[in-house]
Each structure stands twice: as structure tokens, then as C-alpha cells.
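Residues per chain are reported as follows:
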Amino acid sequence: MKIRTLIAVFAFTILVSCNKDKEILNTLNDYNISMESKGYHFGDALALPKDVTENAESISISFGDKETSNLVIDPEYFTLGDNAVTFNIKKKNGEIITQDATINVFAKTPEAKLTYEIVKEYPHDPKSFVQGFLLEGNTVYESDGQNGSSRILKYTLGTTTPIVETPQSDEIFSEGAAIVGDKIYQLTWQNKKGFIYNKSDLSLISEFVYPNVIGEGWGLTYDNKNLILSDGTKNIYFLDVKDPSKIIRYISVAGNTEAYDQLNELEYHKGFIYANVWQKPIILKINPANGEVVGKFDFTEIAKLHTTNSDDVLNGIAFKGDNMLVTGKYWNKIYEVSIK
């Protein structure tokens, strides 16, 4: 009889403990969900509910192989945008319970709403699926995608006839491109490699492979020091121009109330990165030091003249002096706009 009583007491204790664990984790989950849209900024403390803190001997947050018990949004651990983390709660009896969560970190300063005015229009080949778009002098360098029709070409702004072009094999899907001195660097989408061409005649010089962490190639630009690559995520990578298989550093991109991923065609101009967002009629102005979006252009009025499906979207940024050139996939026009 005593044994049955002890078993019953033990079972009841386990049940109470399990229910308390569920209560703690549900409270933590409710808090995390409530904060996902609101987000945090660097330096903010995580104000976890009392039901969690009062029942814990210690709390830590792990990020893969990193862990911290400092419940503050520290840039040593967190990046801008979404952060996949695990809360590790050590209870006062020594047991540890865990919960996965997403912590969004936003820029402290609201991004400026940037405006523009169309000052000139140029023709563009409507058969071109623009992936990389560059201007040097009066010459446009363009990387066009799609399997079976990918190529790198150059033509004079105001015309659509290539001066020279280099087609690629059918299995290649071309992506972004960047001018580096007398060379053109070009990405591929899922082929895990890039090409380096002679700028004058677009003859192939060599190839390079992507760092393992980069799954796909999307946009590419150059800041006179490093190649800058987007891979369709929230991250932008800075690569060693002498060895593009080597990552120097990376940033994650977010605005004041929104995280951005699917960052596509890139352009570097006067200390800032400009980025298309795939299938959105916007261009972001990004601080390359920390990934904060400091400004945003809304090109809806231009894009709606050309976009009828998910393919023919805004995708193409170049600079002509202080004016911006914008175009898109299968668009028949390039627009020169003055920006304010």
C-alpha cells in the first residue's frame, strides 16, 4: 500500500512539474510571438515575463554554436532581421527546458522615403532577362539570365544592338555582374561558380567557386575594395576581389520596422549599396557598415507600366553621374531619374 502511495505521489509530482514546464514555455512563447512584429533594436533588453524569470535559476540564448546569458540585443550575437535562437531555461531544481524562437532586430532610425523624377528614357531590348546592369561612360554592361539564353553583353546607352556579347552554355543561368578595373565579374544562379571576363571584348579569363555558405548567386557590385554579393537572403557578403571564394565579412539588412530578404541586383554608389528586392517595385539604400536601410525608393508608377507577371519585374540599377538608371526584366525601356 505504501509503495502504491509513493508511486502515486511521484506520478503527481511529475505531472505538476510537466504542467509547470508547459506553463513556463507557453508564457515565453506568447511573449516571443508578441515581440516578433514589434521587434528589437541593438541595446534593447529582453523583458521576459515574471513567470519565466521567477522560475529560473538562469536563462541563456543559444545561436548555433554560440551562447550568451546576457539578455540584451548584442550585435556580437544578433544580426539585423530575423534571428533563429533557442532559449535555455535552467530551473531551480537543475532541470533544463528549451524553446526555439525568432527574434527580429530592426534599425533604430526610420528609413527616408526617397523621391525621384524621370528626366530621360532610353530603349531596352524587351527580350533581355536582366540580372546584372552596369554603366561605365556611355556603355551599358548587362548580364542576362535564363537557361539557354544567358549571356554577358555590352551596348551603347540609347541603342539595343550589342557591341559584343558572350553567350553561355544551356546549363548556365547568369545573375549579377560587377566591373572591376579592366574585368567583368559575373555570377551564376545555382551553378555555384562565377566568371571573370576581359572588359574590352568579353572574352572569358577564368572562373571562381562560391564560398560554401553562399547557396546561390543573385546580385553583385564592387566598392573599389571588395566584391559585394547578395544570395537571395537577408545577407550581403563582402568577398576578396583577388580570391572571390573568400568571405571578408557580411551584413544583414533591415529597416526600422521591416526585415528584407530576396535582395537582388546591387549597385554601389557614393558610400551606399542600392538593392532591388525581388518582385517588389522598390530599391533600398543600405549602409554597408551595418546593413541598416537608410532610404527607400518606391518605383510602383514605373514598374506597373511593364510588370504583368512574376518575371518582368523591376531589376536593374546603375548610376549616370548622380542620376540613377533603372530597368527591369523584359522591359523595353531604361529610365534615367534624378533622385532627391
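Residues numbered from 1 in each chain as written. Predicted model: local features only at pLDDT ≥ 70, side-chain atom pairs only at ≥ 80, totals over all residues. Heavy atoms only, no water.

Asks: So what about the nonpolar core? Which residues, and what values?
Replies: Counting 26 residues, the largest nonpolar core has Leu46, Phe87, Ile89 and Ile103 as its most contacted members. For this core, the elements supplying multiple residues, two or more each, are α1 (2–38), β1 (56–63), β3 (81–91) and β4 (96–105). The element that contributes the greatest number of residues to this core is α1, accounting for 5 residues. The residues touching isoleucine 89, leaving out its near neighbours within four places in the chain, are Ile24, Leu25, Leu28, Val52, Ala56, Ser58, Ile59, Glu95, Ile96 and Ile97. (Core = buried A, V, L, I, M, F, W, Y, C linked by side-chain atoms within 4.5 Å. Buried < 20%, exposed > 50% of the residue type's maximum accessible area, 1.4 Å probe, protein only. Helix = DSSP H or I, 4+ residues; strand = E, 2+ residues; numbered from the N terminus. Contact = heavy atoms within 4.5 Å.)

Asks: With reference to specific residues and values, describe unusual backbone geometry.
Replies: Here the phi dihedral of lysine 270 falls at roughly 50°; this positive angle occurs in a residue that is not glycine. Looking at the element boundaries, lysine 270 is found in the loop between β19 (263–269) and β20 (272–277). Here tyrosine 330, not a glycine, exhibits a phi torsion of approximately 65°, which is positive. Among the structural elements, tyrosine 330 can be located in the loop between β24 (323–328) and β25 (333–339). Overall, the relative accessible area of 32% leaves tyrosine 330 in the partly exposed class.

Asks: Explain the packing of aromatic side chains residue by residue, including any values.
Replies: The geometry of two aromatic rings is summed up by the distance between their centres and the angle between their planes. The full count for this structure, using the stated rule, is 13 aromatic pairs. Seen in terms of ring centroids, phenylalanine 129 and tyrosine 330 are 5.2 Å apart; in terms of plane orientation they differ by 55°. Their pairing is tilted. Here the residue phenylalanine 129 occupies a position in the loop between β6 (116–123) and β7 (130–136), and tyrosine 330 occupies one in the loop between β24 and β25, the gap between them amounting to 201 residues. Members of the aromatic cluster, connected to one another through ring pairs, are Phe129, Phe173, Trp189 and Tyr330. (Phe/Tyr/Trp six-rings, centres within 6.5 Å; stacked < 30°, edge-to-face > 60°.)

Asks: Which residues make up the pattern of salt bridges, and what are the values?
Replies: All chains considered together, the criterion is met by 16 salt bridges. For the salt bridge of lysine 90 with glutamate 57, the shortest nitrogen-to-oxygen distance reads 3.6 Å. With lysine 90 in strand β3 and glutamate 57 in strand β1, this residue pair connects regions lying 33 residues apart in the sequence. For lysine 333, the salt bridge identified is with glutamate 121, shortest N-O distance 2.9 Å. Taken as a pair, lysine 333 in strand β25 and glutamate 121 in strand β6 lie far apart in primary sequence, 212 residues in all. Classification of lysine 333 by relative accessible area gives partly exposed; the value is 29%. For glutamate 121, a relative accessible area of 41% translates into the label partly exposed. It is possible to trace a salt-bridge network through shared partners that takes in Asp125, Lys127, Asp144, Arg151 and Glu165. (Salt bridge = Lys/Arg side-chain N within 4 Å of Asp/Glu carboxyl O.)

Asks: Kindly report on the environment of lysine 92, identifying the contributing residues and their values.
Replies: Counting through the fold element by element, lysine 92 comes out in the loop between β3 and β4. Among the residues examined, lysine 92 registers a relative accessible area of 59% and is labelled exposed. Once the C-alpha coordinates of lysine 92 and asparagine 70 are considered, the two residues, 22 residues apart in sequence, prove to be 19 Å apart. In this structure, lysine 92 is in contact with Glu54, Asn55, Ala56 and Glu57, ignoring residues within four places of it in sequence. Within the local environment of lysine 92, its side chain forms a polar contact with the backbone oxygen of glutamate 54, the two atoms lying 2.9 Å apart. (Polar contact = N/O pair within 3.5 Å; in protein donor to acceptor, adjacent residues only side chain to side chain.)

Asks: Give me the lowdown on the side chain of aspartate 312, citing residues and values where you can.
Replies: Note on placement: aspartate 312 falls in the loop between α3 (300–303) and β23 (314–320). Residues in contact with aspartate 312, not counting those within four places in the same chain, are His306, Thr307, Lys329, Tyr330 and Trp331.

Asks: Got a sec to walk through the sheet that holds β19? Specific residues and values, please.
Replies: Taken in spatial order, the 5 strands make up an open sheet running β5-β22-β21-β20-β19, and their pairing is mixed. Strands with a single pairing partner mark the edges of an open sheet, and in this sheet they are β5 (112–114) and β19. Averaged over all neighbouring strand pairs, the angle between strand axes comes to 25°, with direction disregarded. As defined by bridge partners, strand β21 (residues 282–286) adjoins strand β22 (residues 293–298) across 5 bridges and the pair is classed as antiparallel. Across the sheet, the residue bridging to isoleucine 286 is valine 293, located in β22. (Pairing = 2+ DSSP bridges. Axes fitted to C-alpha atoms, helices over the stretch in contact; angles between N-to-C directions.)

Asks: Before we move on, can you summarise the sheet that holds β23 with the specific residues and values?
Replies: Across the sheet, 4 strands lie side by side as β6-β25-β24-β23; this open sheet has antiparallel pairing. Two strands close off the open sheet at either side, each with one partner strand: β6 and β23. Direction aside, neighbouring strands of the sheet carry axes that sit 25° apart on average. When β24 meets β25, the two strands line up antiparallel, connected through 3 bridges. If you follow methionine 324 over to β25, its bridge partner there is valine 337.

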